[in-house]
Amino acid sequence: MTALLDFVTPPLGLAPHTKFRLEPIGGADGLFSLGAIADDGLRLYVVDPQTVVADYSPILTDEHVDSLGLTAPDDALLLVVASHTDEGVHVNLLAPIVANKQTGATAQVILEGQDYPLRARLS
């Protein structure tokens, strides 16, 4: 699945970019490259959290839902940013990326009041 994502505001640390291409990484189920369309060298790796964290089920606010035009839970594509360090691979569960599968409208949201870590180490 390759998709064009249009962030309603630039993702954290990636301003001024708002248009990104989401592409699957071959041989790695649930892993994607998220690259800025205007800058070929700007890329993040994101993962479908259901492939790595079984009990992850964040709750979006009405503001998040409205800003993305989501009308049903199945309309949302949920991804988390992955990073690799000397200590291993971590995912950011506190600030997931949420995209409307129908329109491509996307946002990186902060899950206030939910007890998810900024850096969850994958085993």
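The structure presented is a predicted model; accordingly, all values stated were derived computationally and were not measured.

Among the nonpolar cores identified, the biggest contains 15 residues, and Tyr56, Leu68, Val80, Val91, Leu93, Val98 and Val109 are the most heavily contacted of them. Of all the elements in the fold, those that place two or more residues in this core are β5 (76-85) and β8 (105-108). The residues contacting Val98, other than those within four sequence positions of it, are Leu60, Leu68, Leu70, Ala76, Leu77, Leu78, Ala105, Thr106, Ala107 and Val109. Counting residues in hydrophobic clusters, the runner-up holds 14 residues, among them Leu5, Leu22, Phe32 and Leu77.

Side chains Ala105 and Ala107 of β8 all project onto a buried face; the interleaved residues Thr106 and Gln108 project onto the opposite face, where all are buried too. Alignment of strand β1 (residues 3-7) against β8, held across two bridges, turns out to be parallel. Bridged to Asp6 within β8 is Ala105. Alignment of strand β7 (residues 97-100) against β8, held across three bridges, turns out to be antiparallel. Within the sheet, the bridge partner assigned to Ile97 lies in β8 and is Gln108. Count of turn residues in the β7/β8 antiparallel hairpin: four residues, of which Gly104 carries a positive phi of about 85°.

Turning our eyes to something else, we now look at the side chain of Ser33. Here Ser33 shows up in strand β3 (residues 31-36). A polar atom in the side chain of Ser33 sits 3.1 Å from the side chain of Arg43. Non-local contacts of Ser33, meaning those with residues more than four positions away in its chain, are made with Arg21, Leu22, Glu23, Ile25, Arg43, Leu44 and Tyr45.

The rules we used
Residues numbered from 1 in each chain as written. Predicted model: local features only at pLDDT ≥ 70, side-chain atom pairs only at ≥ 80, totals over all residues. Heavy atoms only, no water. Core = buried A, V, L, I, M, F, W, Y, C linked by side-chain atoms within 4.5 Å. Buried < 20%, exposed > 50% of the residue type's maximum accessible area, 1.4 Å probe, protein only. Helix = DSSP H or I, 4+ residues; strand = E, 2+ residues; numbered from the N terminus. Contact = heavy atoms within 4.5 Å. Pairing = 2+ DSSP bridges. Polar contact = N/O pair within 3.5 Å; in protein donor to acceptor, adjacent residues only side chain to side chain.

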